[in-house]
Amino acid sequence: VPGGLHLVHIDVLVVRIRNLGFNCIRLPFSVEYVLTDPPINNSAVSANPQFTNITWRTMFQATVHAIAQAGLMMILDRHMLWAGNNPSKLSMASGLWYANDISASDNVEALELLAEMTANESLVVG
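The rules behind these values
- Residues numbered from 1 in each chain as written.
- Predicted model: local features only at pLDDT ≥ 70, side-chain atom pairs only at ≥ 80, totals over all residues.
- Heavy atoms only, no water.
- Helix = DSSP H or I, 4+ residues; strand = E, 2+ residues; numbered from the N terminus.
- Expected span 1.5 Å × (residues − 1).
- Buried < 20%, exposed > 50% of the residue type's maximum accessible area, 1.4 Å probe, protein only.
- Arc of directions from axis to C-beta.
- Contact = heavy atoms within 4.5 Å.

Overview of unusual backbone geometry
Next up, step 1: A positive phi is found at Asp-37, a non-glycine position, where the angle reads about 50°.
Next up, step 2: Of note in this structure, Asn-53 is not a glycine but carries a positive phi near 60°.
Next up, step 3: Mapping Asn-53 onto the fold places it in the loop between helix H2 (31–36) and helix H3 (56–69).

And the structure:
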C-alpha cells in the first residue's frame, strides 16, 4: 500500500504533490502482491474508506486512477520481489529479477498484469 494512505485521503495527497510542483510519481510495487492480489490491511488505508475490504490490485488501480486524475504522470517501479521487505535486511537477491521462490517468468507475468491493469491510463509513462 502506498505510504500515507492511513493519514490522508488519496485525492488530497495527489493534489498536494501536484501543487508542490511535481509532474510525475514513482509508484512502487512488489511482484508478490501483483501475482497474489492479497486483501488490503484496512489499518494501512484508514484515511481512505473506499480502500477497505478490497484486494491489492483493486487498490493499486484506484491509486493509479487518482494520480492520473490529478494530472500527474507515473512510473511503475518493480521495486521489490516481496512486499514490505527492505534490501538492507535481506540478501542481495531481493534486488534481482528472480529468487528461489519468484522466477524471472513471474516478473514477466507481473509486468503483463500491470500493463493490462493500467492500459487505459495515458499518464502511466513507464
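So much for the structure itself; the text now carries on.
Side note on helix H4 (residues 104–118)
Next up, step 1: In this model H4 runs 21 Å from its N-terminal to its C-terminal C-alpha over 15 residues, within 8% of the 21 Å that 1.5 Å per residue would give.
Next up, step 2: Along H4, the residues classified as buried are Asn-107, Ala-110, Leu-113, Leu-114, Met-117 and Thr-118. One face of H4 carries all of its buried residues, which in axial projection span an arc of 125°. H4 presents Ser-105 and Glu-116 as exposed residues on the side facing more than 90 degrees away from its buried surface.

A short note on helix H1 (residues 10–19)
Next up, step 1: Along H1, the residues that are buried comprise Ile-10, Leu-13 and Val-14. Taken end-on, H1 shows its buried residues confined to a sector of 90°, consistent with a single buried face.
Next up, step 2: Among the structural elements, H3 are those in contact with the buried residues of H1.
Next up, step 3: Once H1 finishes, Gly-21 follows within two positions and takes phi at roughly 100°, a positive value.

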